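Each chain, letter by letter, is given below.
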Amino acid sequence: MTLPVATLLKVDARRSGLRFARRVYLPRIVGMGFSFIFVVWSLADTPSNWLIGLLFINGFIWPHLAYWSAINTKDPMRSEQRNLLLDAVFGGVWIALMGLNALPSTLLAAMMGMNNIAANGTKFFFRGLMLQLAAIALTVLLLQPTINFATSPQQVYFCLPMLFFYPIFLGQVIYRTAIKLAQHKHKLIEISTHDGMTGVYNRRHWEHLLHNEYDNCQRYQHIATLLLIDLDHFKTINDTWGHDLGDQALLRVTEELRLRLRTSDIIGRFGGDEFAVIMPGTSSDKAIQAISRVRDNLHLPGKGQAPTITIHISVGVAEFSPKMNNYRDWLKAADVALYRAKNAGRSRTEVAKS
Ligand SMILES: Nc1nc2c(ncn2[C@@H]2O[C@H](COP(=O)(O)OP(=O)(O)OP(=O)(O)O)[C@@H](O)[C@H]2O)c(=O)[nH]1
């Protein structure tokens with residue numbers, strides 16, 4: 001069953017939201033845990049037991065609660081963004097209750113700012129900052145903690161674990177994300193330049209490589225030969241033995257091309273049952289010899305009811321000529337030669353007339 005595009009997009013949005021929640025989870029556990037240590041020692045007034053309890057909940061239980069609530073909603077991304085803004089509000093309350101103590105307050109605001117900017121960019125960072133400032137102002141107004149900017153040496157020591165470990169930890173998270181992004185980029189390049197089924201270059205990228213080869217040949221007077229290869233009566237293979245066997249035949253041709261040609265030869269799938277090869281530094285005579293080696297080995301072993309099948313191919317060959325105006329002329333020459341091979345009875349190689 002194929003899902004409608006809208007449903008697929010929703011599934012995908014939820015997945016990326018879940019990934020986001022997972023990415024934020026560990027930094028929150030680490031950040032909140034370290035924050036507990038220095039906030040508890042920096043509170044401006046002697047804290048009551050319930051205040052310590054609240055700090056404990058914020059430090060050690062809230063990260064799990066936030067994650068759990070995010071992954072159990074329809075839109076984890078939005079839910080996690082809400083949680084990050086709540087972090088900023090909680091941070092504002094603790095900053096006020098520390099009497100705006102310079103070092104721990106800056107440290108707490110920096111940690112939350114770092115998380116917000118890393119997760120959602122500058123605009124989100126400012127939203128968090130505004131909420132944090134509002135929470136500070138409201139707490140100062142309502143609870144009137146003793147304001148004391150000075151940080152004692154003891155409070156400095158309790159800030160040190162956070163100061164040292166948190167940036168290193170966050171650096172590692174960012175490094176891992178960068179590696180993942182690089183892997184995704186590599187995958188995307190692979191997908192956009194290769195044919196999904198056979199793994200050889202797709203037409204668009206192959207033509208781009210042909211263009212490069214044409215320029216090289218023109219500039220440096222190199223020789224190169226272009227081959228267009230088309231399977232004969234491929235429709236009959238599909239119609240008689242099914243598409244699966246047709247696919248096997250295409251894979252077999254790819255395998256032979258890879259096995260018998262040089263690694264410097266550039267193989268592409270041009271369309272359904274048509275392949276193309278650029279052979280740099282190769283004359284048309286040598287190219288014909290190479291393709292006849294491929295032709296001699298194009299057998300598809302029998303499977304189930306299907307007997308061993310010999311795959312026949314028609315080939316158009318065109319050697320580069322400086323008279324060609326652009327790479328399309330080169331392609332056209334090979335295409336005309338292929339057309340002649342088909343018309344002359346198939347299973348043969350024709351060379352473009354120069
Ligand atoms: N199994 C399979 N078949 C494909 C694929 N792509 C295209 N085809 C089929 O390839 C066949 C190509 O048919 P035609 O262009 O008529 O070529 P042909 O039957 O080889 O005939 P000639 O080239 O004239 O010898 C069509 O039946 C397409 O459906 C594919 O990826 N897998």
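Residues numbered from 1 in each chain as written. Predicted model: local features only at pLDDT ≥ 70, side-chain atom pairs only at ≥ 80, totals over all residues. Heavy atoms only, no water.

This next bit is on unusual backbone geometry. The backbone phi angle of Gln221 is positive, close to 50 degrees, even though this residue is not glycine. By the element assignment, Gln221 lies in the loop between helix H7 (203-220) and strand S1 (224-231). A positive phi angle, near 70 degrees, is found at Arg346, a position not held by glycine. Among the secondary structure elements, Arg346 is positioned in the loop between helix H11 (327-343) and strand S7 (349-351). (Helix = DSSP H or I, 4+ residues; strand = E, 2+ residues; numbered from the N terminus.)

Counting buried positions along strand S6 (residues 313-319) yields 6 of 7 residues, so the element is predominantly enclosed. As judged from the 7 bridges shared by S1 and S6, these two strands associate in the antiparallel manner. Counted as the bridge partner of Leu227 is Val317 from S6. Of the pairings in the sheet, the one linking S6 to S7 comprises 3 bridges and is parallel in character. Its bridge partner being in S7, Val317 is matched across the sheet by Val351. Taken together, S6, H11 and S7 constitute a β-α-β crossover, and its handedness is left-handed. (Buried < 20%, exposed > 50% of the residue type's maximum accessible area, 1.4 Å probe, protein only. Pairing = 2+ DSSP bridges. Right-handed = clockwise from strand over helix to strand, strands pointing away.)

What follows covers the site of the ligand. Close to the ligand lie 16 residues; His233, Phe234, Lys235, Asp247 and Arg269 are nearest. Interatomic distance of 2.6 Å between a side-chain N/O atom of Asp247 and a nitrogen atom of the ligand. For the ligand, whose accessible area on its own is 660 Å², the fraction buried by protein is 67%. Contributing elements (two or more residues each) for the shell around the ligand: S1, helix H8 (234-241) and helix H9 (243-260). Of the residues forming the shell around the ligand, the biggest block, 4 residues, is contributed by H9. (Near = heavy atom within 4 Å. Polar contact = N/O pair within 3.5 Å; in protein donor to acceptor, adjacent residues only side chain to side chain. Areas by Shrake-Rupley, 256 points an atom, 1.4 Å probe, with all protein chains shown as cover.)

A separate point is helix H2 (residues 49-71). When the terminal C-alpha atoms of H2 are compared, their 32 Å separation across 23 residues agrees well with the 33 Å that a helix rising 1.5 Å per residue should span. In the structure, H2 departs most strongly from a straight axis at Ile61, where the bend amounts to approximately 55 degrees and where the proline Pro63 lies between one and four residues downstream. Along H2, the residues that are buried comprise Leu51, Leu55, Asn58, Gly59, Trp62, Pro63, Ala66, Tyr67 and Ala70. (Expected span 1.5 Å × (residues − 1). Bend = angle between axes of the 7 residues up to and from the residue.)

This next bit is on the packing of helix H4 (residues 102-120) against helix H6 (residues 153-193). Viewed as axis vectors pointing N to C, H4 and H6 meet at an angle of 15 degrees, and their least axial separation amounts to 10 Å. Here H4 is positioned roughly parallel relative to H6, judged by the angle of their axes. Judged by the sense of rotation from one axis to the other, the crossing of H4 with H6 is left-handed. Residues Leu103, Pro104, Leu107, Met111, Met114 and Asn115 of H4 lie in contact with H6, whose contacting residues are Val156, Cys159, Met162, Leu163, Tyr166 and Leu170. Taken together, the residues of the contact of H4 with H6 break down into 11 nonpolar, 1 polar and no charged. (Axes fitted to C-alpha atoms, helices over the stretch in contact; angles between N-to-C directions. Parallel < 35°, antiparallel > 145°, perpendicular 65-115°, else oblique. Left-handed = near helix turned anticlockwise from the far one by under 90°. Contact = heavy atoms within 4.5 Å. Nonpolar A, V, L, I, M, F, W, Y, C, P; charged D, E, K, R; others polar.)

Moving on, we get to the UniProt feature "domain: GGDEF" (unreviewed entry) in the protein. Residues annotated by UniProt as "domain: GGDEF" (unreviewed entry) correspond here to residues 222-354. With 41% helix and 26% strand, residues 222-354 has end C-alpha atoms that lie 17 Å from one another. (UniProt positions renumbered as here; feature names shortened; annotations may be inferred.)

Before going further, it helps to examine the sheet that holds strand S3 (residues 274-280). The strand order across the open sheet formed by 5 strands is S2-S3-S1-S6-S7, and the pairing between neighbours is mixed. Single-partner strands in this sheet number two, and they are strand S2 (266-271) and S7. Direction aside, neighbouring strands of the sheet carry axes that sit 20 degrees apart on average.

Looking now at the packing of aromatic side chains. Tallying each qualifying case throughout the model produces 13 aromatic pairs. On the basis of an interplanar angle of 85 degrees and a centroid distance of 5.0 Å, the ring pair of Phe164 and Phe165 is categorised as edge-to-face. An aromatic cluster is present here, built from Phe34, Phe164 and Phe165 joined pairwise through their rings. The ring of Phe270 carries the charged tip of Arg203 above its face, separated from the ring centre by 4.0 Å. (Phe/Tyr/Trp six-rings, centres within 6.5 Å; stacked < 30°, edge-to-face > 60°. Lys NZ or Arg CZ within 6 Å of the ring centre and 35° of its normal.)

For H8, the complete set of buried residues consists of Phe234, Ile237 and Asn238. The arc that holds the buried residues of H8, viewed along the axis, is 95 degrees, so those residues lie on one side. Opposite the buried face of H8, at more than 90 degrees from it, the exposed residues are Lys235 and Asp239. On its buried face, H8 is in contact with S1, H9 and strand S5 (309-310). Trailing H8 by a residue or two, Gly242 shows a phi angle of about 95 degrees, which is positive. (Arc of directions from axis to C-beta.)

Inspection of every chain in the model, using the stated rule, returns 13 salt bridges. Residues Lys342 and Asp232 are paired through a salt bridge, measuring 2.8 Å at the closest nitrogen-oxygen approach. Of this pair, Lys342 sits in helix H11 while Asp232 sits in the loop between S1 and H8, and the two are 110 residues apart along the sequence. You can call Asp232 buried: its relative accessible area is 7%. Put simply, Arg252 and Glu255 hold a salt bridge, and the shortest N to O gap is 2.7 Å. (Salt bridge = Lys/Arg side-chain N within 4 Å of Asp/Glu carboxyl O.)

Take the domain arrangement of the protein next. Assigned domains within the protein: domain 1 (5-191) and domain 2 (203-351). For domain 1 versus domain 2, the distance between C-alpha centres works out to 59 Å. (Domains from an automatic or database assignment.)

Our focus in this paragraph is a positive patch on the surface. Taken together, Arg15, Arg19, Arg22, Arg23, Arg176 and Lys180 make up a surface patch of like positive charges. Those elements that provide at least two residues to the positive patch are helix H1 (5-40) and H6. Examining the composition of the positive patch, we find that 4 residues originate from one element, H1, more than from any other. (Patch = residues over 30% accessible without salt bridge, like charges linked within 9 Å, V, L, I, M, F, W, Y side chains within 5 Å. Lys, Arg positive; Asp, Glu negative; His and termini not counted. Charge placed at Lys NZ, Arg CZ, Asp CG, Glu CD.)

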